[in-house]
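# Secondary and tertiary structure notes
Listed below are the residues making up each chain.
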Amino acid sequence: MTDKTSKTSNKMWGGRFAAGPDAIMEAINASISFDKRMAAQDIAGSRAHASMLATQGIIETSDAEAIREGLLTVLSEIEGGTFEYSAALEDIHMNVEARLKEVIGEPAGRLHTGRSRNDQVATDFKLWVRDQCDAAEGALVALIRALLTQAEAGADWVMPGFTHLQTAQPVTWGHHMMAYVEMFGRDLSRMRDARARMNESPLGAAALAGTSFPIDREMTAKALGFDRPSANSLDAVSDRDFALEYLGSASICAMHLSRFAEELVIWSSAQFRFVTLSDRFSTGSSIMPQKKNPDAAELIRAKIGRIFGANVALMMVMKGLPLAYSKDMQEDKEQVFDAADNLMLALAAMEGMVRDMSANRDQLAAAAGSGFSTATDLADWLVRVLGLPFRDAHHITGALVAMAETQGCDLPDLTLEQMKLEHDGITEDVFSVLGVENSVNSRISYGGTAPVQVRAQIARWKELVA
Ligand code: ARG
């Protein structure tokens, strides 16, 4: 392996090294292939740090200005695709600083005063994750708006509600859409909570113990949009809770997406035909000409795997690490990057699918009336009108369901005479509750499926995401 060892030691930290790293050492150690995604955050952090150093009289103002300008040049090279990344320089932090040295010369060496790569990477990564919270928030609001449009159009369209995926009671299309609004609304608030908690600046914690330079951590915190500096330097460099909270929120959101995606897969099948997905979010089969497959929904359903996987992986990386920084923590980023990319993709695809899909109102209504979906309404009628105990009413209704089943008909198809065989107090009035429209209209309890309740929730949410 020695022949693969580079002759020169690392120019950023190699003072005490006689030889450079083995090629394998470089391969396992370098993070530039992925942490280059944090270039903008790294440069923002360094520019804030340089200004602060000058304000505090730690470096010359002219040096700080050269650093700040030079960093913008480096950023434009990165954005323009002309920047040459080097694995020998390990990571984005040293790649940027080394290039800064080439661009502005000697003052570049003063930038790293009073900080370390440990607080630098914690700061960069936090800024990156914070941006992802904002991005997820925006995407969730867009998805919620799409759901509200669907809910409003079909606030009073009846459909079967399920438990155990067996027909349970009729509900409204709007109510079903609004159930997801509640879920994605909680995801939104989880992202906001995580963002608020993570918004403390690690910058200036230095390697782990703080610094003897008279730095102003409030100033850099403010410049980077943090609420305050973090209060313990050991914690600041070793904390990755913020990434875990993001991944936890992302995982729960992906879980919700997967449930909805599963429903869309079922609903768009020939057996259900509850919804028609647009061509824009479906694919065909190369052999079966009739097929229109809900691939986007299936892929969204699967995304939870890698997003939750990232959450578990980072938990395992962090588990048992002694304070403060350990190189293990370099393994935090790829997981989060992958999870964030896929969460954003899944949210955008779901929003597009929801906007484009059309609910098949007639099919929903036909399904709503089948499967004895108003059996509970019949039992409730026996309680309300005849004063029967609910358990007795349940039993009588069960017998009527069995009767209808034997005759191959639904509850409203039984005659009054047949009903009277189970309880002679039953009157013609019972038929008024056996229709699905009546059933949903009667569910007026707060949060219930009656259109009046659904419309109230739509109005509330429209204000919340206005
Ligand atoms: N690339 C490193 C990371 O992502 C930066 C911090 C390195 N710190 C150190 N003490 N080696 O974690």
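The present account deals with the structure reproduced in this document.

Right, let's get into the overall build of the protein chain. Within the protein chain, the secondary structure is distributed over 18 helices and 6 strands. Here the C-alpha radius of gyration of the protein chain, 31 Å, is well above what a compact globule of 466 residues would show, namely 23 Å. Overall, the C-alpha framework of the protein chain stretches about 100 × 50 × 40 Å when taken along its three principal axes. The contacts in the protein chain between residues at least 6 apart in sequence include a share of 73% that link residues at least 24 apart. Element-wise, carbon and sulfur atoms account for 53% of the exposed surface of the protein chain, whose accessible area totals about 21700 Å². If the 45 positive side-chain charges of the protein chain are averaged to one point and the 62 negative ones to another, these points end up 3 Å apart.

Looking now at the pattern of salt bridges. If you walk through the whole model with that rule in mind, you get 24 salt bridges. Salt-bridge contacts for Arg228 lead to Glu200; the nearest nitrogen and oxygen are separated by 2.9 Å. Here Arg228, found in strand β4 (residues 228-229), pairs with Glu200, found in strand β3 (residues 200-201); they are 28 residues apart in sequence, far enough to count as distant. What makes Glu200 partly exposed here is its relative accessible area of 25%. Note that Lys333 is salt-bridged to Asp332, the shortest N-O span being 2.9 Å. In this structure Lys333 comes out as buried when scored by relative accessible area, which is 2%. Shared partners join several salt bridges into a network, and the residues in it are Glu90, Asp91, Arg117 and Lys327.

Around the ligand, the neighbouring residues are Ser31, Asp91, His93, Arg117, Asn118, Val121, Tyr325, Gln330 and Lys333. Here Lys333 contributes a side-chain N or O atom positioned 2.6 Å from an oxygen atom of the ligand. For the shell around the ligand, the per-class residue count stands at 2 nonpolar, 4 polar and 3 charged.

Summed over the entire model, instances satisfying the criterion amount to 11 aromatic pairs. Ring centres 6.2 Å apart and planes at 45° place the aromatic pair Trp267 and Phe274 in the tilted group. Here Trp267 matches Phe274 in class, with each residue buried. Clustering of aromatic rings is evident, with ring pairs tying together Phe162, Trp173, Trp267, Phe272 and Phe274. The side chain of Lys36 reaches across the aromatic face of Tyr85, ending 5.0 Å from its centre. Positioned above the aromatic ring of Phe226, the side-chain terminus of Arg130 is 4.9 Å from the ring centre.

Turning our eyes to something else, we now look at the nonpolar core. With 101 residues, the main nonpolar core has Trp173, Tyr246, Leu257, Phe260, Trp267, Leu343 and Met350 as its most contacted residues. Residue contacts for Trp267: discarding those within four places in its chain leaves Met159, Trp173, His176, Met177, Phe260, Phe272, Arg273, Phe274 and Val275. In this structure, Ala375, Leu378, Cys409 and Leu416 belong to the second largest nonpolar core, which totals 22 residues.

We now examine a nonpolar patch on the surface. Among the surface-exposed residues, Phe308, Val312, Met315 and Met316 lie close enough to one another that they form a single nonpolar patch of about 390 Å² accessible area. Structurally, Met316 can be placed in helix α11 (residues 295-318). The class of Met316 is exposed, set by a relative accessible area of 54%.

Looking now at unusual backbone geometry. Of the consecutive residues Leu323 and Ala324, the connecting peptide bond is found in the cis state with omega at 0°. As for its position among the elements, Ala324 is in the loop between α11 and α12 (333-356).

What follows covers the side chain of Glu97. With respect to the helices and strands, the residue Glu97 is situated in helix α5 (residues 92-104). Comment: no salt bridge for buried Glu97; closest opposite-charge side chain is Arg115, at 4.4 Å.

At their nearest, the axes of helix α14 (residues 375-386) and helix α15 (residues 390-407) sit 8 Å apart, and the two run at 135° to each other. Accordingly, the angle class assigned to the pair α14 and α15 is oblique. Crossing of α14 over α15 shows right-handed handedness. Mapping the contact onto sequence places Ala375, Leu378, Ala379, Asp380, Leu382 and Val383 in α14 and Phe390, Ala393, His394, Ile396, Thr397, Leu400 and Val401 in α15. Here the contact of α14 with α15 is composed, by residue class, of 10 nonpolar, 2 polar and 1 charged.

Next up on the list: the packing of helix α3 (residues 39-55) against helix α4 (residues 61-80). Contact geometry for α3 and α4: axes closest at 8 Å, N-to-C directions at 170°. Judged on the interaxial angle alone, α4 and α3 are roughly antiparallel. Each of Ala39, Ala40, Ile43, Ser46, Arg47, Ala48, Ala50, Ser51 and Ala54 in α3 lies in contact with α4, whose residues at this interface are Thr61, Ala64, Ile67, Arg68, Leu71, Leu72, Val74, Leu75 and Ile78.

A few words now on the environment of Gln335. Along the chain, the position of Gln335 falls in helix α12. Note: C-alpha distance between Gln335 and Thr167 (168 residues apart in sequence) is 40 Å. If we skip the residues at most four places from it in the chain, Gln335 touches Gly309, Ala310 and Ala313.

A separate point is α5. Its 13 residues give α5 an end-to-end C-alpha distance of 18 Å, which sits within 8% of 18 Å, the value for a rise of 1.5 Å per residue. Of the positions making up α5, those classed as buried are Ile92, His93, Met94, Asn95, Val96, Glu97, Ala98 and Leu100. Close packing links the buried residues of α5 with α2 (32-35), α3, α4 and α6 (117-153). Gly105 occupies a position one or two residues after α5 and carries a positive phi of about 75°.

Cut-offs used in this document
Residues numbered from 1 in each chain as written. Predicted model: local features only at pLDDT ≥ 70, side-chain atom pairs only at ≥ 80, totals over all residues. Heavy atoms only, no water. Helix = DSSP H or I, 4+ residues; strand = E, 2+ residues; numbered from the N terminus. Rg over C-alpha atoms; globule rule 2.2 N^0.38 Å. Contact = heavy atoms within 4.5 Å. Areas by Shrake-Rupley, 256 points an atom, 1.4 Å probe, with all protein chains shown as cover. Lys, Arg positive; Asp, Glu negative; His and termini not counted. Charge placed at Lys NZ, Arg CZ, Asp CG, Glu CD. Salt bridge = Lys/Arg side-chain N within 4 Å of Asp/Glu carboxyl O. Buried < 20%, exposed > 50% of the residue type's maximum accessible area, 1.4 Å probe, protein only. Near = heavy atom within 4 Å. Polar contact = N/O pair within 3.5 Å; in protein donor to acceptor, adjacent residues only side chain to side chain. Nonpolar A, V, L, I, M, F, W, Y, C, P; charged D, E, K, R; others polar. Phe/Tyr/Trp six-rings, centres within 6.5 Å; stacked < 30°, edge-to-face > 60°. Lys NZ or Arg CZ within 6 Å of the ring centre and 35° of its normal. Core = buried A, V, L, I, M, F, W, Y, C linked by side-chain atoms within 4.5 Å. Patch = residues over 30% accessible without salt bridge, like charges linked within 9 Å, V, L, I, M, F, W, Y side chains within 5 Å. Axes fitted to C-alpha atoms, helices over the stretch in contact; angles between N-to-C directions. Parallel < 35°, antiparallel > 145°, perpendicular 65-115°, else oblique. Left-handed = near helix turned anticlockwise from the far one by under 90°. Expected span 1.5 Å × (residues − 1).

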